[in-house]
Amino acid sequence: GQSLEQPSEVTAVEGAIVQINCTYQTSGFYGLSWYQQHDGGAPTFLSYNALDGLEETGRFSSFLSRSDSYGYLLLQELQMKDSASYFCAVMDDKIIFGKGTRLHILP
Amino acid sequence: GAVVSQHPSWVICKSGTSVKIECRSLDFQATTMFWYRQFPKQSLMLMATSNEGSKATYEQGVEKDKFLINHASLTLSTLTVTSAHPEDSSFYICSARGTGTSGRVTPYNEQFFGPGTRLTVL
């Protein structure tokens with residue numbers, strides 16, 4: 001079967017750093033993506049890792065270890081607008097989404 | 001980036017009626033479109049994959065006779081929820097992957113999502 005595991009909720013303070021982990025078990029794998037979704041909105045693409053290592057895009061970074069079937073999204077200098085749900089997703093012939101992590105940011 | 005639109009953005013209908021949702025790629029040719037359903041506070045569940053000009057491939061557990069998908073052109077796919085019932089109330093989102101106006105194929109990892117359609121069946 002296919003499964004992706006990520007924490008259901010994470011709480012952090014404005015200005016801090018938070019890491020959202022994702023482990024996966026899928027039959028196929030091209031890479032791991034991360035999406036952000038605000039309440040009532042559609043997912044927006046954040047990052048994609050096909051190879052092991054860290055990819056940095058501004059305040060967001062994403063990491064992948066294919067041997068460990070593990071990745072994480074790192075959000076730095078948290079802002080209130082980062083309050084959203086974050087989904088890891090495995091890229092195969094289609095996208096398989098994790099259940100999502102709801103990030104709460106405290107002022 | 002590529003733009004995908006959906007229409008309508010929200011719809012309320014009576015139980016037993018059919019509802020059609022359109023998904024359009026505005027500035028690229030969508031060779032493949034995906035339809036997702038998302039219940040409140042849950043993940044996106046892939047319903048079906050459609051390639052232009054061919055029949056959609058439905059995920060396990062999705063009734064193809066209830067959720068009719070048509071991908072007749074490279075810029076338009078439609079999802080029709082037939083004989084809708086309250087349990088079909090959900091957020092329906094499409095995404096698309098394809099070829100841009102320059103001929104560049106969108107990266108395999110990139111799917112561009114529409115803004116979603118919220119369906120409420122009374």
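Before reading on, note that the structure itself is shown above.
Notes on the structure in this doc start here. Remember, it's a predicted structure, so these values are computed and weren't measured experimentally.

### Side note on the interface of chain A and chain B
Consideration 1: With 19 residues of chain A at the interface, the matching set in chain B holds 18 residues.
Consideration 2: Each partner contributes to the roughly 1500 Å² buried at the junction of chain A and chain B, and carbon and sulfur atoms together form 58% of this total.
Consideration 3: It is Lys94(A), Ile95(A) and Phe97(A) that lose the most area in chain A upon contact with chain B, and together they represent 29% of the buried surface on that side.
Consideration 4: Across the pair Lys94(A) and Glu59(B) runs a salt bridge whose closest N-O atoms are separated by 2.9 Å.

### Focus on the environment of His71(B)
Residues and elements named next belong to chain B.
Consideration 1: For histidine 71, the location among the structural elements is in strand 7 (residues 67-73).
Consideration 2: Given a relative accessible area of 4%, histidine 71 falls into the buried group.
Consideration 3: With residues near it in sequence (within four places) discarded, histidine 71 still touches Ala30, Thr31, Thr32, Met33, Ser50, Asn51, Glu52, Gly53, Leu76 and Ser77.
Consideration 4: In this structure the side chain of histidine 71 is engaged in a polar contact, spanning 3.4 Å, whose partner is the backbone nitrogen of glutamate 52.

### Concerning the pairing of strand 8 (residues 70-75) of chain A
Residues and elements named next belong to chain A.
Consideration 1: Counted residue by residue, strand 8 has five buried out of six residues, so it is predominantly covered.
Consideration 2: With six bridges connecting them, strand 3 (residues 18-25) and strand 8 associate as antiparallel partners. Bridge pairing links cysteine 22 to glycine 71 in strand 8.
Consideration 3: With six bridges joining them, strand 7 (residues 60-65) and strand 8 adopt antiparallel strand pairing. When the sheet's bridge partners are listed, serine 62 is paired in strand 8 with leucine 73.
Consideration 4: The turn linking strand 7 back onto strand 8 is made up of four residues, and serine 69 within it adopts a positive phi angle of 50°.

### A closer look at the layout of surface pockets
Consideration 1: By volume, the largest pocket amounts to about 540 Å³.
Consideration 2: In this structure, the largest pocket is lined by 22 residues; those nearest its centre are Ile96(A), Phe97(A), Leu44(B), Met45(B) and Leu46(B).
Consideration 3: Counting residues per element, the ones that place at least two in the lining of the largest pocket are strand 1 (3-5) and strand 10 (95-97) of chain A together with strand 4 (28-38) and strand 5 (44-51) of chain B.
Consideration 4: The element that contributes the greatest number of residues to the lining of the largest pocket is strand 5 of chain B, accounting for four residues.

### Re the packing of aromatic side chains
All names here are of chain B.
Consideration 1: Evaluation of the coordinates by the stated rule reveals 13 aromatic pairs over all chains.
Consideration 2: Ring plane angle 40° and centroid distance 6.4 Å describe the contact between phenylalanine 67 and tyrosine 92, whose orientation is recorded as tilted. You can see phenylalanine 67 sitting in strand 7 and its partner tyrosine 92 sitting in strand 9 (residues 90-100), a full 25 residues away along the chain. Grouping residues by exposure puts phenylalanine 67 and tyrosine 92 together as buried.
Consideration 3: Over the face of the ring belonging to phenylalanine 67 we find lysine 66, whose NZ or CZ atom lies 6.0 Å from the ring centre.

### Some details on the nonpolar core
Consideration 1: Core analysis: the largest hydrophobic core is formed by 25 residues, its most contacted members being Val4(B), Trp35(B), Phe67(B), Leu79(B), Tyr92(B) and Leu119(B).
Consideration 2: Residue assignment for this core shows that the elements contributing at least two residues are strand 2 (10-13), strand 3 (19-25), strand 4, strand 5, strand 7, strand 8 (76-81), strand 9 and strand 11 (117-121) of chain B.
Consideration 3: With residues up to four places along the chain from it excluded, the contact list for Phe67(B) reads Arg37(B), Met47(B), Tyr58(B), Val62(B), Leu79(B), Thr80(B), Val81(B), Asp88(B) and Tyr92(B).
Consideration 4: Of all hydrophobic cores here, the second largest spans 23 residues; its members include Ile20(A), Phe29(A), Leu73(A) and Ile105(A).

Calculation notes
- Residues numbered from 1 in each chain as written.
- Chains lettered and ligands numbered in written order.
- Predicted model: local features only at pLDDT ≥ 70, side-chain atom pairs only at ≥ 80, totals over all residues.
- Heavy atoms only, no water.
- Contact = heavy atoms within 4.5 Å.
- Buried area = accessible area lost by both parts, 1.4 Å probe.
- Salt bridge = Lys/Arg side-chain N within 4 Å of Asp/Glu carboxyl O.
- Helix = DSSP H or I, 4+ residues; strand = E, 2+ residues; numbered from the N terminus.
- Buried < 20%, exposed > 50% of the residue type's maximum accessible area, 1.4 Å probe, protein only.
- Polar contact = N/O pair within 3.5 Å; in protein donor to acceptor, adjacent residues only side chain to side chain.
- Pairing = 2+ DSSP bridges.
- 1 Å grid on protein atoms, 1.4 Å probe; cavity = no way out; pocket = protein on both sides within 12 Å on 5 of 7 lines; lining within 4 Å.
- Points joined across faces, edges and corners; volume = space filled by probe spheres on them.
- Phe/Tyr/Trp six-rings, centres within 6.5 Å; stacked < 30°, edge-to-face > 60°.
- Lys NZ or Arg CZ within 6 Å of the ring centre and 35° of its normal.
- Core = buried A, V, L, I, M, F, W, Y, C linked by side-chain atoms within 4.5 Å.

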